[in-house]
Structures are given as structure tokens and as C-alpha cells.
Amino acid sequence: MKAIINGRVVLPTGIAEDMALLFDEKIVGLVNPDEIGDAEVIDAKGQYVLPGLVDMHIHGYLGEDASDGSIEGIRTMAKGVAKNGVTSWLPTTMTVSYDSLHAAFKAISTVMEESKKDDFDGAEIMGINAEGPFINASKKGAQAADHIRACDPEFIDQYASLIRVFTVAPEVKGNMAAIRRIRKEHPEILISMGHTSATFDQAEKAVRAGVRHVTHLFNAQTPLMHRDPGVVGCALTESRVSAELIADMFHVNKALFKLVADVKKDKLVLITDCTRAGGMEDGEYTLGGQAIFVKGVECRLADGTIAGSVLKLNEAVRNVHNSYRRLPLHKIVKMASLNPAKAIGIDKTKGSIEEGKDADFCFADEQMNISRTILRGRTIYEA
Ligand SMILES: [Zn+2]
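**Points about the overall build of the protein chain**
Broken down by element type, the protein chain carries ten helices and 24 strands. The C-alpha radius of gyration computed for the protein chain amounts to 20 Å, which stays within 12% of the reference 21 Å derived for 383 residues, consistent with globular compactness. Seen through its principal axes, the protein chain has C-alpha atoms that stretch 65 × 45 × 45 Å. Every one of the 383 residues in the protein chain was classed for burial, and the buried ones make up 56%. A sequence separation of at least 24 residues applies to 69% of the contacts in the protein chain between residues at least 6 apart.

**Observations concerning the sheet that holds strand β19 (residues 283–287)**
The antiparallel open sheet is built from three strands, whose spatial order is β19-β20-β21. Bordering the open sheet on either side are β19 and β21 (298–300), each of which pairs with just one other strand. Neighbouring strand axes in the sheet, compared pairwise and without regard to direction, differ in orientation by 30° on average.

**Thoughts on the packing of helix α4 (residues 175–185) against helix α5 (residues 200–209)**
Axis separation between α4 and α5 bottoms out at 9 Å; the angle between their running directions is 25°. In terms of orientation, α4 and α5 fall into the roughly parallel class. Note that α4 runs across α5; the crossing there is right-handed. Facing α4, whose interface residues are Met176, Ile179, Arg180 and Arg183, α5 presents Lys205, Ala206 and Ala209. Counted by class, the contact of α4 with α5 contains four nonpolar, no polar and three charged residues.

**Overview of the nonpolar core**
For soluble globular proteins, the rule of thumb is that nonpolar side chains tend to be buried together. In terms of nonpolar packing, the biggest core is built from 123 residues, with Val49, Ile108 and Leu270 touching the most fellow members. A per-element tally of this core places helix α2 (residues 98–115) first, with seven residues. When sequence neighbours within four positions are dropped, the list of residues in contact with Val49 reads Ile4, Gly7, Arg8, Val9, Val10, Leu21, Ala44, Phe361 and Phe363.

**Topic: helix α1 (residues 71–82)**
Spanning twelve residues, α1 covers 17 Å between terminal C-alpha atoms, matching the ideal 16 Å at 1.5 Å per step. The set of residues buried in α1 consists of Gly73, Ile74, Thr76, Met77, Ala78, Gly80, Val81 and Ala82.

**Side note on the environment of Lys2**
Tracing the backbone through its elements, the reader meets Lys2 in strand β1 (residues 2–5). Taking the C-beta count within 10 Å as the criterion, Lys2 has 19 such neighbours and is therefore assigned partly exposed. In sequence terms Lys2 and Ala39 are 37 residues apart; their C-alpha atoms lie 4.8 Å from each other. Setting aside its immediate chain neighbours within four residues, Lys2 contacts Phe23, Asp24, Ala39, Glu40, Ile42 and Gly377.

**Concerning the packing of α1 against α2**
Where α1 meets α2, the axes come as close as 8 Å, and the angle between the chain directions of the two elements is 45°. Taken together, α1 and α2 sit at an angle that is classed as oblique. Considering how the two elements wind past one another, α1 and α2 form a crossing that is right-handed. Where α1 abuts α2, its residues Ile71, Ile74, Arg75 and Ala78 lie against Ala107, Ile108, Thr110, Val111 and Ser115. Split into classes, the residues belonging to the contact of α1 with α2 amount to six nonpolar, two polar and one charged.

**Quick notes on the sheet that holds strand β7 (residues 48–51)**
Paired through backbone hydrogen bonds, the strands of a sheet run either parallel or antiparallel to each other. The strand order β3-β2-β7-β22-β23-β24 describes an open sheet built from six strands, whose pairing is mixed. Each edge of the sheet is formed by a strand with only one pairing partner; in this case those strands are β3 (14–16) and β24 (378–382). For this sheet the average axis-to-axis angle between neighbouring strands, irrespective of direction, equals 25°. Pairing between strand β23 (residues 370–375) and β24: four bridges, direction antiparallel. The residue bridging Leu375 from the neighbouring strand is Arg378, located in β24.

**Side note on the pairing of strand β14 (residues 163–168)**
Within β14, six of the six residues are buried, which leaves the element mostly enclosed by the surrounding structure. Note: strand β13 (residues 128–134) against β14, five bridges, orientation parallel. Within β14, the residue paired with Ala130 across the bridge is Phe166. Two elements, β14 and strand β15 (residues 190–193), share four bridges in a ladder whose sense is parallel. Following the sheet pairing, Val168 is matched in β15 by Met193. Assessed by its sense of winding, the connection that carries the chain from β14 through α4 to β15 is right-handed.

Scoring rules and cut-offs
- Residues numbered from 1 in each chain as written.
- Predicted model: local features only at pLDDT ≥ 70, side-chain atom pairs only at ≥ 80, totals over all residues.
- Helix = DSSP H or I, 4+ residues; strand = E, 2+ residues; numbered from the N terminus.
- Rg over C-alpha atoms; globule rule 2.2 N^0.38 Å.
- Buried ≥ 20, exposed ≤ 12 C-beta atoms within 10 Å, placed from the backbone.
- Contact = placed C-beta atoms within 7 Å.
- Pairing = 2+ DSSP bridges.
- Axes fitted to C-alpha atoms, helices over the stretch in contact; angles between N-to-C directions.
- Parallel < 35°, antiparallel > 145°, perpendicular 65-115°, else oblique.
- Left-handed = near helix turned anticlockwise from the far one by under 90°.
- Nonpolar A, V, L, I, M, F, W, Y, C, P; charged D, E, K, R; others polar.
- Core = buried A, V, L, I, M, F, W, Y, C linked by C-beta atoms within 7 Å.
- Expected span 1.5 Å × (residues − 1).
- Right-handed = clockwise from strand over helix to strand, strands pointing away.

Function cannot be inferred from these measures alone, as they are strictly geometric.
As C-alpha cells, then:
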């Protein structure tokens, strides 16, 4: 048994101070510090103790990309994101060829197995996020047009045990029927609309067909206009739908963080949408086979199109916290832990500091700098 003392423990409902957090592989519970018995003591020295963060949309990190099909690359990413407090993640593929996707899924599934073992020193892989190729070319953003295709339920069937979420443009011919079929046959898979030119009515119809999530809200979708509310209007008004936000202060103006947080509440999910340039210097990289140019927080294609990010999930929490000071921190932390865990159906074991769940934590200072990450009771990163 281990005990974290002197931490400000961030729970789903608030922050517990002056309590000790007892755990082995699972969370045992909060007790008074004089009740920890002979548990091994870890002193949090006044830092926040957050639930391990959950990044459900991340393409790359430290020069590696989930679409590369490289086992070593996925391992590097798993170790890298652990330094940002992430304990659960979904390697996220781009719109690439089926051959590339088959190879990428194979590599991810190999490292996913490894990440369940006790000698793995990276964040646990909970499945795959396939962002495309079932999107609309007119809203392709930084996705490669050559590999876009109609939604293919048989592809989803083939990888149903691996795919946790995939993005689809519901307005493309045949895709609405495919959504209905996939929702019926694989209700555990989260269907997200994104890279879509759907009207508000089409988006509403898609929700009725089974869509329950919106890929990077505001980006690569029809905007909110007062007579034509678009996919954004559907995402904001439809309570069954969760929505992703890239809170890097560039993809979405920070003035909207309050609006989105107030409207979506526990259905708002912070993501990174990070590319292989994450954790690296400014310069030229690739994303889904296309060159991207990175300067500060901005990643763009040669034509200026915004192409992913270099955001870290702990920074996303910090950015929302600093932009919306009146929202309690525990509610913002949920956006990067319990909310995504619920969206992808892993909240029985992940996403919050609650008795019986996996002992996944990270220690953070006021600015959300991470000093330690713990996965299933083991320290996998220490600064
Ligand atoms: Zn993405």
C-alpha cells in the first residue's frame, strides 16, 4: 500500500486538502493522515494531485506519428505524453491509405498490449482514434484529399475491438446509413462528426442516427450563423453530444472557452490534436504525409491551412484555467480526465480519483507543470 500526503487532491466534486490518498494498483480511498499505517509515503509537497489525464485525440509527439506504423514510435509517444500527466491515450490516425492504416493499427495494437503490463514506463493505450478517412473533402483541413473515402462499416467491423472513436462527415452520400449500421452493431464505439460541411439539420439527423461527439469544435466544420446554425450550433445545443476543444489559444479564441464550458459542461473534452512536432523545436515536419511548418503554437501547411498543434494536455488545462478564473479548477481538470473517459467508455476504471478505479495520478503545480505521473500505482515519470 502507498499513501500520498500533503497533496491537494482534485476530485470530481472539489479539492480535498489535509487528507492522505491510499492506493495500491487501485485507489483505496482518502483517509486522515494519521490513518495510513505502514503505507509507503509519497510527499506531494503541497502540489495538486490530479487524476491521470486522458488524451483522446493526439496524432504525434517527439518526432513520431501514430500513422507511421512504427512500434518504436508509438512507444516513444507513450513515454513522452506521460511527462505531461497523461496516463490514458488514444493514438490518433489521419486520413491516409488503407495500407498505411493497417500498418499503423498493427503497431498501435502491439504497444497497446505492452502498455497493459507492469514494466511499461509510458501512458496506457486505451484504443485507437481514427480521424478519417471518412470525411468531406470540402472540409479536409490538413487531411490528405487523395485518401478520403465514403464511410466503410466493414473497415470498422474489422477493427471494432481497437477503434474507440472515429470521425465521419454525415452529409456525404451513404454515410448516414453507415452511421446507423455502425451504431447498431458497435454501440461501444464513439461516432464523431468532423471535417464536415453538414447543415444544422443534417447534423441533427446524424445525432439521431448515432453520432455522439464532435471532432475539434469550430475547426473544419460549418460555423454557427444565427440563421444557419451549422454543426457548431448542433454541438452547442444537443446535450447528447460531447465536443472536443483544442485550448491552445490559437485554434479557438480564448474568449469562447467560457461559452463552451458553460454550455457543454461535463460534455466538454480538452484534446491536444498534437502532431509529431509536439515537444520539438520550431521547424518543418509532416502530418498525414503533408509538410507542416511549425512556429510557436502555430502549425500550418504550405498554403497556410492550420494543421494540428504542439499542445500538451496539461497546458490545455492551464490555458482554460487562466482564461476562465471563475470556473473551479476541478471542473476544468474533468475536461481532461473524466469527461473524455466517459466519452470513450473507460470511466469504470479511468478518469477520476474515486475508490476502486485505477491508481492513475499526476502531480501539478499552480501552472500545471507536471512533476510526477503514476499509472496503476507505479511511478512512470518523475521530473
Ligand atoms: Zn486531429
